[in-house]
Structures are given as structure tokens and as C-alpha cells.
Amino acid sequence: MIRFEKVTKTYPGTGSPALDQVSVDIEKGEFVFLVGQSGSGKSTALRLMLRETRPTSGRVYVAGKEINRLASWKVPRLRRQIGTVFQDFRLLPNKSVAENVAFALQVIGRSRTDIRQVVPATLDLVGLEGKADRMPDELSGGEQQRVAIARAFVNRPMILIADEPTGNLDPATSVGIMKLLDRINRTGTTVVMATHDHGIVDQMRKRVIELEDGRVVRDQARGAYGFQH
Ligand SMILES: Nc1ncnc2c1ncn2[C@@H]1O[C@H](COP(=O)(O)OP(=O)(O)OP(=O)(O)O)[C@@H](O)[C@H]1O
């Protein structure tokens, strides 16, 4: 589903590459944690998958297409197939919960009838039944992240990219968010999550790809945050 072939990314004006000859293959339906110290290249890897930045050399494939060869008018279609969730939720503050989720469908031209059906179903799925008319500032952090996940998933993307989704949440709330991401993964959506959260990674026992100074230093099935035999 996602393939990096000897991907190197050097940002202009910087000496050492943010990613250095990275090759990884992520299959459809996998759940993958991307770990590593701050500055090790995790966000750069995620941004390359979305074509928010381009590799200096090497190739990035998403769903069989080399995404850096896509014409720019096809990039929105690529991004439509990839849901994104961030540490800071990024909700629209002046829209209700339901409107935040509906907006993701409006911008891609889905019909009002569709939207009226799909939004409540998705809010139920993420555990926000009864909260459709709340505003983001009336919600807890965990609930706001559930809205963000509903928005990312409402279009049933092939891939969900999550960059530190539990970074602003307490451990108990984080567990709930991870259960939700796990449930989404079980529907067949490939999940790639960058995180510093040791507890979560150790608990979930999914594939772990560890970066250090832009290089893959570990790629382990059912891994922990730190290396364990
Ligand atoms: N836009 C940019 N311009 C120049 N250098 C950048 C840019 N973005 C990232 N870098 C550099 O690339 C390297 C990798 O950064 P990246 O953000 O990918 O790491 P990260 O593992 O996601 O870190 P964090 O855990 O802090 O989010 C760092 O040295 C960083 O300073």
C-alpha cells in the first residue's frame, strides 16, 4: 500500500538528510508505529506519503503509484484517499461536531443526502453519539480527537496517517483513542502512526519501524517502543 524505495530527503539549506536511503514496504491493512527521537524523520516520512514534500532521491509509492510522478491536479485525489489526524486536533472552531465531519464530505462534492446519512453513522462509530451539535470548545481533548478521527475516516480512506494523535491526551483517554484506531484498522484501513508514547506502543504490539537520524534502525513485527528480544 505504501512503499519507500531508497528515499532520501534533504531539506534545502540543511547539511544532513532528514531521511537517508529509507526503504520500507507497508501492506494493505497493516498497523504500523513509526518511532524515534525528535528530529529522527517521522514527520518527514508522513509528509512524503501525502506528497506534502518530495524526496531528494528515491521513490514513494502509494497504492501502486509513484506519487511524485502524479500530475499536480491528481494530488487532491491522492489525499482524499488518505485520512490525517494530528496531535492538535485541528478542528474548525466555529463549526459543530457534525459540521466539522460533514465539511470533509462537502469539499469533495458528496451529496447532502449522503452526508445526512454518513455523518451520524460515523459519529456513532467513534463514540460521539449525542454530541453532534456540540462546539469543539465544549468537548474534552479525547472527544475532540474523536471528532478529528471521524472527519479523517468519514470518507473511508485506504490509509489513515496519525502524527502523535495521543500527544495531548492523558493515558486513559489515549487508550480509548487507540482502541478506536484499532477498530478503524480492522475495517481494512492501513494505519501509520508516528508516536513517542511508549505505553501505547508496548501495549498494542503492532509493527514498529524505528528511525534514528533519518535511517531505519529497526523494523519489527509486534514490537515494543524500545528494542526487546
Ligand atoms: N521544513 C523543513 N526545513 C528544514 N529542515 C526540516 C524541515 N522539516 C524538518 N526538518 C529537519 O528534518 C529532520 C527530521 O525532522 P522531522 O520533523 O521529520 O522529525 P520527527 O521525527 O517527526 O520529529 P518530532 O518527533 O519532533 O516531530 C530534523 O533535523 C528537522 O530539523
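As the structure is a computational prediction, the values presented were derived from the model and not from experiment.

Counting 60 residues, the largest nonpolar core has Leu34, Met49, Val101, Ala150, Leu160 and Val192 as the members making the most contacts within it. The greatest single-element share of this core, amounting to six residues, is contributed by helix α5 (residues 141-153). If you count residues domain by domain, this core takes at least three from each of domain 1 (1-81 + 157-218) and domain 2 (92-156). The contacts of leucine 34, once residues within four sequence positions are left out, are Lys42, Ala45, Val192, Met193, Ala194, Ile209 and Leu211.

Attention shifts here to the sheet that holds strand β1 (residues 2-9). Here four strands make up an open sheet; going across it, the order is β2-β1-β4-β5 and the pairing antiparallel. At either margin of the open sheet sits one strand with a lone partner, and together these are β2 (19-26) and β5 (65-66). Contacts from helix α1 (residues 42-49) reach β1, β2 and β4 (57-62) within the one sheet, and its direction differs from that of β1 by about 120°.

Right, let's get into helix α6 (residues 171-186). Its 16 residues place the ends of α6 22 Å apart at the C-alpha level, agreeing with the 22 Å of an ideal helix rising 1.5 Å per residue. Every buried residue of α6 is accounted for by Ser174, Ile177, Met178, Leu180, Leu181 and Ile184. The arc that holds the buried residues of α6, viewed along the axis, is 160°, so those residues lie on one side. Exposed residues pointing more than 90 degrees away from the buried face of α6 are listed as Ala172, Lys179 and Arg186. On its buried side, α6 packs onto α5, β7 (159-163), β8 (190-194) and α7 (198-204). Just downstream of α6, glycine 188 is the residue with a positive phi angle, here 110°.

In a beta sheet, neighbouring strands are held together by backbone hydrogen bonds and run either parallel or antiparallel to one another. Read from one edge of the open sheet, six strands run β6-β7-β8-β3-β9-β10, paired in mixed fashion. For this open sheet the edge positions go to β6 (82-86) and β10 (215-220), each flanked by a neighbour on one side alone. Between one strand axis and the next, the sheet turns by 15° as a mean value, whatever way the strands run. In the packing of α5 onto the sheet, contacts are made with β6 and β7, and the angle to β6 comes to roughly 165°. Against the sheet, α6 engages β3 (31-35), β7 and β8, with an angle of about 150° to β8.

In the vicinity of the ligand, the contacting residues are Tyr11, Thr14, Ala18, Gly36, Ser38, Gly39, Ser40, Gly41, Lys42, Ser43 and Thr44. Classifying every residue of the shell around the ligand gives two nonpolar, eight polar and one charged.

Definitions and cut-offs
- Residues numbered from 1 in each chain as written.
- Predicted model: local features only at pLDDT ≥ 70, side-chain atom pairs only at ≥ 80, totals over all residues.
- Core = buried A, V, L, I, M, F, W, Y, C linked by C-beta atoms within 7 Å.
- Buried ≥ 20, exposed ≤ 12 C-beta atoms within 10 Å, placed from the backbone.
- Helix = DSSP H or I, 4+ residues; strand = E, 2+ residues; numbered from the N terminus.
- Domains from an automatic or database assignment.
- Contact = placed C-beta atoms within 7 Å.
- Pairing = 2+ DSSP bridges.
- Axes fitted to C-alpha atoms, helices over the stretch in contact; angles between N-to-C directions.
- Expected span 1.5 Å × (residues − 1).
- Arc of directions from axis to C-beta.
- Near = placed C-beta within 6 Å.
- Nonpolar A, V, L, I, M, F, W, Y, C, P; charged D, E, K, R; others polar.

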